[in-house]
Amino acid sequence: MAFRRALKRTALVGGGAVATAFGLSQLIEYRKTQARLAQVAAEAELKVPFIDELPSRQAQLAALTNTEEFDVLVVGGGATGAGCALDAVTRNLKTALVERSDFSSGTSSRSTKLIHGGVRYLQKAIMKLDYEQYMMVKEALHERANLLEIAPHLSAPLPIMLPVYKWWQLPYYWAGIKMYDLVAGIQCLKSSYVLSKTKALELFPMLKKDKLVGAIVYYDGQHNDARMNLAIALSAARYGAAIANYTEVIHLLKKKDPQSGREKVCGARCRDVITGQEFDVRAKCVINATGPFTDALRKMDNQEASNICQPSAGVHIVIPGYYSPDNMGLLDPATSDGRVIFFLPWENMTIAGTTDTPTSVTAHPIPGEDDINFILREVRNYLSPDVEVRRGDVLAAWSGIRPLVTDPSSKDTQSICRNHIVSISDSGLVTIAGGKWTTYRSMAEETLDATIKAHRLSADSCKTVGLMLEGAKGWTPTLYIRLVQDYGLEKEVAQHLVSTYGGRAFDVAKMAQVTGQRWPIVGKRLVSEFPYIESEVLYAIKEYACTAIDVIARRTRLGFLNVQAADEALPRIVQIMGKELDWSQEKRTEELEAARKFLYHEMGYRSRSEQITKTSEINLDNHEVARYKKRFHKFDKESKGFITTVDVQRVLQSINVHIDENALHEILNEVDLNKNGQVEIDEFLQLMSAVKKGHVSDSRLAILMKTAEETLDQREPVSVDRSGGGV
């Protein structure tokens, strides 16, 4: 009775807005129990044809080719497309999905990594009394709670600090953040709170102290976006959907409707990008979920269709983890140009972004230097002057295209739709466009509801609320301990495997090779400073990875975290994939070159390497030039004017240091601007000038040569004059 009274009291005040803590906590526990029961009931109704082993990509292509007719063909393998496929197949619809590149290769892997309702959207909704925007935030907060529930291994709540530097802003921001909590209702992750200046600096010691009056901390969700997208797609495959990456639509198939006499879309002519083989995929309806490429598919349906996508580019950068606390993000609510910048811990690094600038649609967006420097300037504004934010600390950078849309059915076609749109053309092509990562599931549900109604399909109700995604089953926060105990993996590696693959981490561990060392027993790392191991490359192939780029960008996140480390790992990744997939030497070389091109252009390696060549001017004083020339000549004994790997190896051997020949070649190659296999004195001085200006940091050659010089100087005999005489 007491519980019912508490429940009733809570309901009367709008879902717990001013409920007692006692009543609210009981209600939350009750709702969670109900959600779990609903989830168990939903999963009990569903058959999982591929619960143990996923069908191979060849088997999936065979299913696409040989199936007489699907109920639904989804075009696009991003979060929304994969969500539509999962929604459709769990409604007992015969489902197919094709993606012309890799799953999550576009916008869905290039987000801010947040699962959020949108604090700034709520602010606009309140200031402008905009009910539509308010409902958009409310829906996103509901979806945030669901996503954290169905993929706990890939997502987690994250506290985000909003620093306040003016007293009047404290109550203003506090009221806004509290409203965010209230809109979430019982799905509020944790209650927001106010911090004093002292406490704020204790939790975020890198923060700028001057004029800081306090801070407000609120909670949102964070996830591994590419892995989350993949989990949705693999879940669809396990439930029986025929999905294939690297399968592009050449044109849509159409036939005349006998009743109306109009042409109706009835499938697509597809091409396997890897083999070049073409085939038809027939379906009762086709869903266009191609993100920024929405208009390209709409024009395949109707050449006269007007463009509805207005692409906007958002750039993010990754800097070392020491720039932020391990478990506290930062929000800059008002940048110099009115945008919002997030500064978040992610995968033991720090991610900062995003920008928002109009762009053209491309499959290969490139992060611009202006955007990178804008983000760095904004970060400097909030960090202590003691923390030197250097351009050289940018380890990776990327640009994602956000597909903003206008509603084709609206009279005002120029106005941007703040939410998503679902439209159905005269020929029956269903288009879902716009929206945000967090709401992918509700967007998919709305799309399938509209599709089923328009095409009179026989289908069950939506079952994706509470439906656990790939890897969620069997996951617990302490699962990594079993991996350490059962397989002899390093703790860091075990934690990484569990947070990436969830309950399926054991499948990856079983494939790991013995190291031959006392510890760890198994699990050879791809690069020493990251927990990615070689068996993940083999497992990635089971997850439909077809290229080296798939592995460094989306199965692991190495390319997004550190382009240099990814570049170092590539030869071994290509070697493992080549052996497993029986690649020729020509194919292996091609894969290596394509992956390095990807890192160079799309992941910011070009911007990073160009910091040395940004200006030919060497910004060093005479004393510094003399000091660095002296250091250089310790390696260039013959005064050739350049050094090679042989010169460096000779000096290292004299101080009993051994570095692998290939690794040494890579170290010199970072500085070898004209790529002639040697580093000239001018190139070395240019490097040291870039290091001085902060354009380059952690240069391995600079550190190696400095360390070697110091060791050599210590070994030099001390003269009688310097020693103060003799006996």
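Residues numbered from 1 in each chain as written. Predicted model: local features only at pLDDT ≥ 70, side-chain atom pairs only at ≥ 80, totals over all residues. Heavy atoms only, no water.

(A) Representation of the nonpolar core in the model. Counting residues in hydrophobic clusters, the biggest one holds 63 residues, and the most contacted among them are Ile160, Tyr218, Phe342, Phe530, Leu558, Ile573 and Leu599. Here the element with the most residues in this core is helix H19 (residues 563–581); it accounts for nine residues. Counting contributing residues per domain, this core is built from domain 2 (114–223 + 311–403) and domain 3 (479–609), each supplying no fewer than three. Those residues in contact with leucine 558 that lie beyond four places of it in its chain are Val527, Phe530, Tyr532, Ile552, Ala565, Ala566 and Ala569. Judged by nonpolar contacts, the second largest core, of 48 residues, contains Ala88, Ala231, Met443 and Tyr544. (Core = buried A, V, L, I, M, F, W, Y, C linked by side-chain atoms within 4.5 Å. Buried < 20%, exposed > 50% of the residue type's maximum accessible area, 1.4 Å probe, protein only. Helix = DSSP H or I, 4+ residues; strand = E, 2+ residues; numbered from the N terminus. Domains from an automatic or database assignment. Contact = heavy atoms within 4.5 Å.)

(B) Inspection of helix H16 (residues 535–542) at higher detail. Of all the eight residues making up H16, six are buried; the element is thus mostly covered by neighbouring parts of the structure. Residues Ser535, Glu536, Val537, Tyr539, Ala540 and Ile541 constitute the buried set of H16. Phi for tyrosine 544, located one or two positions after H16, is positive at around 75 degrees.

(C) Representation of the packing of aromatic side chains in the model. Scanning the model with the defined rule gives 14 aromatic pairs in all. Look at tryptophan 168 and tyrosine 172: their rings are 6.2 Å apart centre to centre, the planes differ by 50 degrees, and that puts the pair in the tilted class. Seen in terms of ring centroids, tyrosine 180 and tyrosine 218 are 5.8 Å apart; in terms of plane orientation they differ by 85 degrees. Their pairing is edge-to-face. Here tyrosine 180 is found in helix H7 (residues 169–184), whereas its partner tyrosine 218 is found in strand E6 (residues 214–223), with 38 residues between them in sequence. Take tyrosine 180 and tyrosine 218: they sit in the same class, and that class is buried. Taken together, the ring pairs in this structure connect Trp168, Tyr172 and Tyr173 into an aromatic cluster. When the ring centre of tryptophan 346 is taken as origin, the NZ or CZ atom of lysine 113, which lies over that ring, is 5.0 Å away. (Phe/Tyr/Trp six-rings, centres within 6.5 Å; stacked < 30°, edge-to-face > 60°. Lys NZ or Arg CZ within 6 Å of the ring centre and 35° of its normal.)

(D) Highlighting the UniProt feature "domain: EF-hand" (unreviewed entry) in the chain. Per the UniProt record, "domain: EF-hand" (unreviewed entry) is annotated on residues 623–658 and 659–694. Annotation note: span residues 623–658, helix share 64%, strand share 6%, distance between end C-alpha atoms 31 Å. (UniProt positions renumbered as here; feature names shortened; annotations may be inferred.)

(E) The arrangement of the side chain of arginine 298 in detail. Relative to the helices and strands, arginine 298 resides in helix H10 (residues 294–301). In this structure the side chain of arginine 298 is engaged in a polar contact, spanning 2.6 Å, whose partner is the backbone oxygen of serine 306. (Polar contact = N/O pair within 3.5 Å; in protein donor to acceptor, adjacent residues only side chain to side chain.)

(F) Up close: a positive patch on the surface. Together, Arg120, Lys124, Lys128 and Arg402 give the surface a local cluster of positive charge. By the secondary structure assignment, arginine 120 is in helix H5 (residues 119–127). A relative accessible area of 31% means that arginine 120 is categorised as partly exposed. (Patch = residues over 30% accessible without salt bridge, like charges linked within 9 Å, V, L, I, M, F, W, Y side chains within 5 Å. Areas by Shrake-Rupley, 256 points an atom, 1.4 Å probe, with all protein chains shown as cover. Salt bridge = Lys/Arg side-chain N within 4 Å of Asp/Glu carboxyl O. Lys, Arg positive; Asp, Glu negative; His and termini not counted. Charge placed at Lys NZ, Arg CZ, Asp CG, Glu CD.)

(G) Broad picture of the layout of surface pockets. Estimated volume of the second largest pocket: approximately 1000 Å³. Surrounding the second largest pocket, 35 residues form its lining, Trp346, Glu347, Asn348, Gln495 and Ser499 being those nearest its centre. Only strand E4 (155–164), E6, strand E13 (341–346) and helix H14 (491–501) provide two or more residues apiece to the lining of the second largest pocket. When residues of the lining of the second largest pocket are assigned to their parent elements, the largest contribution, six residues, is made by H14. Tallied by class, the residues present in the lining of the second largest pocket amount to 17 nonpolar, 14 polar and four charged. The residue makeup of the lining of the second largest pocket includes at least three contributed by each of domain 2 (114–223 + 311–403) and domain 3 (479–609). (1 Å grid on protein atoms, 1.4 Å probe; cavity = no way out; pocket = protein on both sides within 12 Å on 5 of 7 lines; lining within 4 Å. Points joined across faces, edges and corners; volume = space filled by probe spheres on them. Nonpolar A, V, L, I, M, F, W, Y, C, P; charged D, E, K, R; others polar.)

(H) Examining the packing of helix H6 (residues 131–150) against H7 more closely. One can describe the packing of H6 onto H7 by two numbers: an axis separation of 9 Å at closest approach and a directional angle of 65 degrees. Relative to H7, H6 is oriented roughly perpendicular. In this structure, H6 crosses over H7, and the sense of that crossing is right-handed. Residues Tyr134, Val137, Lys138, Leu141 and Arg144 of H6 lie in contact with H7, whose contacting residues are Tyr180, Val183 and Ala184. (Axes fitted to C-alpha atoms, helices over the stretch in contact; angles between N-to-C directions. Parallel < 35°, antiparallel > 145°, perpendicular 65-115°, else oblique. Left-handed = near helix turned anticlockwise from the far one by under 90°.)

(I) Just the environment of phenylalanine 343, in detail. Positionally, phenylalanine 343 belongs in strand E13. Residue phenylalanine 343 is classed as buried on the basis of its relative accessible area of 3%. For the pair phenylalanine 343 and isoleucine 317, spaced 26 residues apart in sequence, the C-alpha to C-alpha distance is 9.7 Å.

(J) Geometry of the environment of serine 56. Relative to the helices and strands, serine 56 is located in the loop between helix H2 (21–45) and helix H3 (57–66). Separated by 485 residues in sequence, serine 56 and isoleucine 541 place their C-alpha atoms 9.0 Å apart. In terms of polar contacts, serine 56 uses its side chain to reach the backbone amide nitrogen of alanine 59, at 3.1 Å.

(K) Main features of unusual backbone geometry. Residue glycine 353 is joined to threonine 354 through a cis peptide bond whose omega torsion reads 20 degrees. Summarising the element assignment, threonine 354 is placed in the loop between strand E14 (349–353) and strand E15 (357–358). A cis geometry characterises the amide bond from tryptophan 519 onward to proline 520, with omega recorded as -5 degrees. Relative to the helices and strands, proline 520 resides in the loop between helix H15 (505–510) and H16. We note that tyrosine 544 has phi near 75 degrees; this positive angle belongs to a residue other than glycine. Here tyrosine 544 falls in the buried class, since its relative accessible area comes to 3%.

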